[in-house]
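Observations on the model geometry
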Amino acid sequence: MMLLRQFVYRRDRIAFAIGVMICAAATIYAVTDAIWLNSDMVPVFSSDDTVLVIDAGHGGIDGGAIGVDGSKESDINLAIAKKLFAASVFAGKRAIMTRVDDRSQTENDQYSEHSELKYRADLANSTKNPVLVSIHQNYYPTAQPGGAQVIYSANGRSERLGGIFQTNIVNSLESDNRHLAQKDNNRLYVLENVSCPAVLVECGFVSNHFDIGKLTDSSYQTALAAVMLASYIQFSAEKADI
């Protein structure tokens, strides 16, 4: 199985390995809307008190970047976010989403990007023990750049969170990826204005023909969501040991 090709049994990887196995079991569920729509689902287990805040970037009036195939970034972001939420519920992890459909939360006749971003940051800040994962796609004027890159907040243990996410995405899905996790340095509103561990995952370049083929594929979206959840589980396990 692709997700397990870099499987290594080391103490610092045990939580990630467990997460991958959980997500592999959850895959058949994550490709449907059934789980994330079912608010009555009972978690399988919960080993920590953190809450995963899943932010599907853009939405509604703001479609984000447009891919070389015409795909909207906001649609790709939401598809991955829903799969991550579904797998989280299946794994017994508490999670919330900043949006669940193609609408912004502050959308009206006088839509404000600042108000939308503030809503998302405020939601994370008002959640008890949050860990924020914001899902986005990258874009470049030419088609050459590709691959996922994680950007982490300047606060708290975000650097460790970002390193775990970047390493696991590369090891599990993109062995030729040479990007490193990058500190935000107060450029991105959502990362700058939250007090919790937070990362923004640029899942790939919608301007790259190879990347867009993966990013719009449901199976790859599920694999990516699985690695994200496993990385969150690994981080949460480390946090609990502190």
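Residues numbered from 1 in each chain as written. Predicted model: local features only at pLDDT ≥ 70, side-chain atom pairs only at ≥ 80, totals over all residues. Heavy atoms only, no water.

A word on the side chain of serine 134
Using the following cut-off: Secondary structure follows DSSP: runs of H or I at least 4 residues long count as helices, runs of E at least 2 residues long count as strands, and numbering of each begins at the N terminus. Buried residues are those whose accessible area, probed at 1.4 Å on protein chains only, stays under 20% of the maximum for their type, while exposed residues exceed 50% and partly exposed ones sit between those limits. Here a polar contact is recorded for every N or O atom pair within 3.5 Å, except that within protein the pair must consist of a potential hydrogen donor and a potential acceptor, and residues adjacent in sequence are included only if both atoms are side-chain atoms.
Along the polypeptide, serine 134 turns up in strand S3 (residues 130-138). By relative accessible area, serine 134 is classed as buried at 1%. In this structure the side chain of serine 134 is engaged in a polar contact, spanning 3.2 Å, whose partner is the side chain of histidine 136.

Remarks on helix H3 (residues 73-90)
To keep things clear, this is the line we draw: One less than the residue count of a helix, multiplied by 1.5 Å, gives the span that helix is expected to have.
With 18 residues, H3 extends 26 Å between its outermost C-alpha atoms, agreeing within 8% with the 26 Å of an ideal straight helix rising 1.5 Å per residue. With 15 of 18 residues buried, H3 lies mostly within the body of the structure.

Section: the sheet that holds strand S5 (residues 182-183)
Formally: Two strands form a pair only when DSSP identifies at least two bridges running between them. Throughout, a contact is declared for two residues whenever any of their heavy atoms are within 4.5 Å. What counts as an axis is a line fitted to C-alpha atoms, over the stretch in contact for a helix, and the angles between N-to-C directions run from 0 to 180 degrees.
Across the sheet, which stays open at both edges, the six strands sit in the order S2-S1-S3-S6-S4-S5 with mixed pairing between neighbours. If you trace the sheet from one side to the other, it starts and ends with strand S2 (95-97) and S5, each paired once. One ladder, built from two bridges, connects strand S4 (residues 149-152) with S5; its direction is parallel. What sits directly across from isoleucine 151, in S5, is glutamine 182. Sheet contacts for H3: strand S1 (51-56), S2, S3 and strand S6 (198-205); angle to S3, the most-contacted strand, approximately 145°. The sheet contacts of helix H4 (residues 113-125) involve S1, S2 and S3, and relative to S1 the element is tilted by about 170°.

Quick look at the pairing of S6
By the criterion of burial, S6 is predominantly enclosed, with eight of the eight residues buried. Note that S3 and S6 share six bridges and pair parallel. By the bridge assignment for S6, histidine 136 is matched with glutamate 202. Of the pairings in the sheet, the one linking S4 to S6 comprises four bridges and is antiparallel in character. Note that in S6 the partner of valine 150 across the bridge is valine 201.

Geometry only, nothing functional implied.
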